[in-house]
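As a plain string of letters, each chain reads:
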Amino acid sequence: MPAVHHKLLLEEALQDSPQTRSLLSVFEEDAGTLTNYTNQLLQSMQRVFGAQNEMALATEQLSKLLLEYEKQNFALAKGDEEVINTLQHFAKSVEELNSLHAELASQIADKMVFPMVQFREKDLTGTTLTLKIICFHFHEAAMVKYSRLPKKRENEKMKAEVVREVAYCRRKQHQAAMQYYCALNALQYRKRVAMLEPMLGYTHAQIDFFKKGMELVSKKMDSFLSSVSSMNQSIESQLEVDAEVMRSSQRELLSVDDTVYMPDHDQVPVNRALVQKAGYLNIRNKTGLVTTAWDRLFFFTQGGNLMCQPRGAVAGGMVLDLDNSSVMAVECEDRRYCFQITSPNGKTSLILQAEGKKEYEEWICTLNNISRQIYLTDNPEAVAIRLHQTALQAVTPITSFEKRAEGSPNPDRLFKSFNRKPPAALEPEDLIVPGTPIQFDIVLPASEFLDQNRAGARRTNPFGETEDDDGDSDTHDSLLQQVFAVRFLGSMAVRAGHTQEVIYEAMRQVLAARAIHNIFKTSESHLMVTSTCIRLIDPQTQVTKISVSFQLKDVTQFAAHQENSRLMGFVLQGSDWSDGGEDQPSFSVFAFESNTEGEKICYTINLGKEISLAKKDPEALAQLMKAMPLTNDGKFLLLESETGAAVEAAGPDEQESEA
């Protein structure tokens with residue numbers, strides 16, 4: 001270490017010459033620079049200590065959090081045991097490192113920060129400033145007092161006191177100046193020690209910390225760290241493989257044509273054997289008396305229920321029980337792909353809209369399959385596929401009466417001698433010949449409509465009134481006139497005409513054929529039941545849809561559906577002259593869906609047949625009229641509250657009567 005060459009001479013402390021004061025100012029300037037630097041250095045050392053202390057606290061918290069991993073309730077899956085054991089091992093190691101960090105923080109405080117604080121407070125701030133004040137203040141005051149002694153009137157006593165005071169202050173000044181000079185000279189040595197001692201302590205503390213850390217790592221963690229490194233590398237390699245698979249899948253999915261993103265461009269064929277379905281649909285909600293709004297929600301089927309899950313909801317809620325419900329296409333607010341689901345009792349209905357044609361047809365087929373309770377079987381999809389294939393083989397649809405004579409032969413020709421009393425248990429083949437055509441609509445030919453108008457035929461009023469008083473006796477003299485709002489589902493030739501089972505089987509085949517061939521749209525008509533016949537009337541034109549009415553005497557059987565009470569049908573007997581001129585009986589089943597219970601229509605038909613039979617016996621007719629309520633004009637009154645004021649209040653486009 002080189003010696004200090006610049007010193008303040010103690011011999012010049014008493015003289016206090018300008019040269020001495022100039023040299024003293026240099027030492028004082030040096031002391032001021034040292035003070036500023038020492039403050040900055042101390043601040044940096046305190047920052048190091050704070051960081052190390054924060055490191056100790058952070059490692060302590062890290063150790064606790066590593067142990068908390070096992071207690072976390074992850075939403076997807078709990079952590080695997082291998083990761084939990086590894087983190088617990090790391091927690092113990094971090095806890096040991098935490099003790100080393102805490103010890104290092106304590107050593108930094110004792111060996112680096114404290115010596116620097118002591119040097120600043122003792123050697124810089126306190127000593128130099130105090131000695132500087134003592135050196136000059138008292139001596140200057142004594143000299144001022146001595147200089148004021150009078151020249152003419154000398155007071156020896158006062159003079160002696162002032163001289164003694166000056167001598168005392170000068171001695172004190174000399175002593176203080178020498179101490180001040182000594183302190184400034186010693187500061188040149190102490191500043192070197194003050195700079196080196198804290199760093200020496202800091203370095204020793206770090207070396208001790210690293211030595212203990214190396215002992216900890218080398219003895220306890222070498223094998224552990226190598227196993228963790230290999231496990232981490234395997235995880236990263238697996239991640240890279242999965243990432244490459246995801247990137248390739250992403251490229252493959254993005255390479256498709258733009259039609260994939262377009263609605264209603266599905267090229268996949270419709271699956272009609274589904275018993276489960278999920279997807280977004282638009283539902284129509286009533287927002288006021290005459291206003292509606294459409295909401296896009298996620299719908300799915302669960303068992304026999306239709307469920308809905310709004311956005312943000314944790315789970316879905318039940319919307320409608322689909323068992324024995326009816327599903328049909330509807331026209332709604334000029335929107336495409338709309339269909340309606342109606343509960344068996346007819347009190348609840350939903351109008352939904354699908355995004356495309358494929359979704360529209362699959363939703364209708366799926367809901368129809370669920371409505372038949374196929375989901376309760378052991379293998380619902382297989383049952384649905386089998387029913388679909390059976391229906392394809394057994395049903396061939398036609399769309400009008402005009403096409404009935406074309407194509408497949410009349411099944412009644414194959415069975416000339418048909419026994420009207422069926423056996424106890426009939427198979428479907430005994431009731432309906434496989435491959436029998438089905439008619440899905442009743443069309444009024446244009447020529448027939450012109451013939452009716454040209455012949456002056458008046459339109460039939462469904463409420464029992466005529467345009468004039470000279471109407472046909474078939475309508476004017478009828479004791480019973482009841483109107484029901486119905487939708488024609490279909491008709492087909494059958495073998496038997498006096499059993500309800502043939503009606504049930506015909507309904508099943510008609511509904512299956514509609515679902516298979518995507519014939520969901522139906523038009524509403526008015527079914528008028530009188531005491532002589534059954535008429536099907538167009539609600540817009542009030543024109544009978546077929547020129548020949550269904551005579552009640554030709555209706556051999558009628559029944560409502562056993563599960564869906566809104567479905568009903570009846571068997572109509574005709575004549576077949578195609579085989580050798582012999583009059584052979586033929587039977588056809590007509591199936592309808594009503595807005596009310598089918599049992600009411602069946603009850604009205606039965607009452608009409610009773611009236612028709614009672615007309616032949618005046619006494620029986622009188623007893624029947626006495627037992628039933630009559631209107632003012634002598635007609636039978638049936639549920640007047642539904643067919644009277646309620647129908648009259650409806651608009652011209654909405655007139656219907658529900659029995």
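Each remark here, short or long, concerns the structure printed above.
All of these numbers come straight from a predicted model, not from anything done at the bench.

Okay, the pairing of strand β3 (residues 305–309) next. With five bridges connecting them, strand β2 (residues 292–302) and β3 associate as antiparallel partners. Directly across from F299, in β3, lies its bridge partner C308. Count of turn residues in the β2/β3 antiparallel hairpin: two residues, of which G303 carries a positive phi of about 65°. As paired strands, β3 and strand β4 (residues 317–321) are joined by four bridges and run antiparallel to one another. Along β4, the bridge assignment pairs N305 with D321.

Quick look at the environment of Q482 now. Here Q482 shows up in strand β10 (residues 481–494). In sequence terms Q482 and I534 are 52 residues apart; their C-alpha atoms lie 9.7 Å from each other.

What follows concerns the pattern of salt bridges. A complete count under the given rule lists 19 salt bridges for this structure. Close ionic contact of K277 with E359 constitutes a salt bridge, the shortest N to O distance being 3.2 Å. Of this pair, K277 sits in the loop between α3 (156–254) and β1 (278–286) while E359 sits in helix α4 (residues 357–371), and the two are 82 residues apart along the sequence. The residue R566 makes a salt bridge to E593 at a minimum N-O spacing of 2.9 Å. With a gap of 27 residues between them, R566 in the loop between β14 (555–560) and β15 (567–576) and E593 in strand β16 (residues 584–594) connect regions that are remote in the sequence. Of the two residues examined, R566 and E593, each falls in the buried class. Residues joined by salt bridges that share partners form a network here, namely E240, E244, R247 and R251.

Time to look at the packing of aromatic side chains. This model, assessed by the stated rule, comprises eleven aromatic pairs. Plain terms: the ring middles of F298 and F300 are 6.2 Å apart, the flat faces sit at 35° to each other, and that makes the pair tilted. Aromatic side chains F339 and Y360 sit 6.4 Å apart centroid to centroid with 55° between the ring planes, which places their arrangement in the tilted category. Linking F339 in strand β6 (residues 338–342) with Y360 in helix α4, this pair joins segments that are 21 residues apart in sequence.

Rules behind the numbers
Residues numbered from 1 in each chain as written. Predicted model: local features only at pLDDT ≥ 70, side-chain atom pairs only at ≥ 80, totals over all residues. Heavy atoms only, no water. Pairing = 2+ DSSP bridges. Helix = DSSP H or I, 4+ residues; strand = E, 2+ residues; numbered from the N terminus. Salt bridge = Lys/Arg side-chain N within 4 Å of Asp/Glu carboxyl O. Buried < 20%, exposed > 50% of the residue type's maximum accessible area, 1.4 Å probe, protein only. Phe/Tyr/Trp six-rings, centres within 6.5 Å; stacked < 30°, edge-to-face > 60°.

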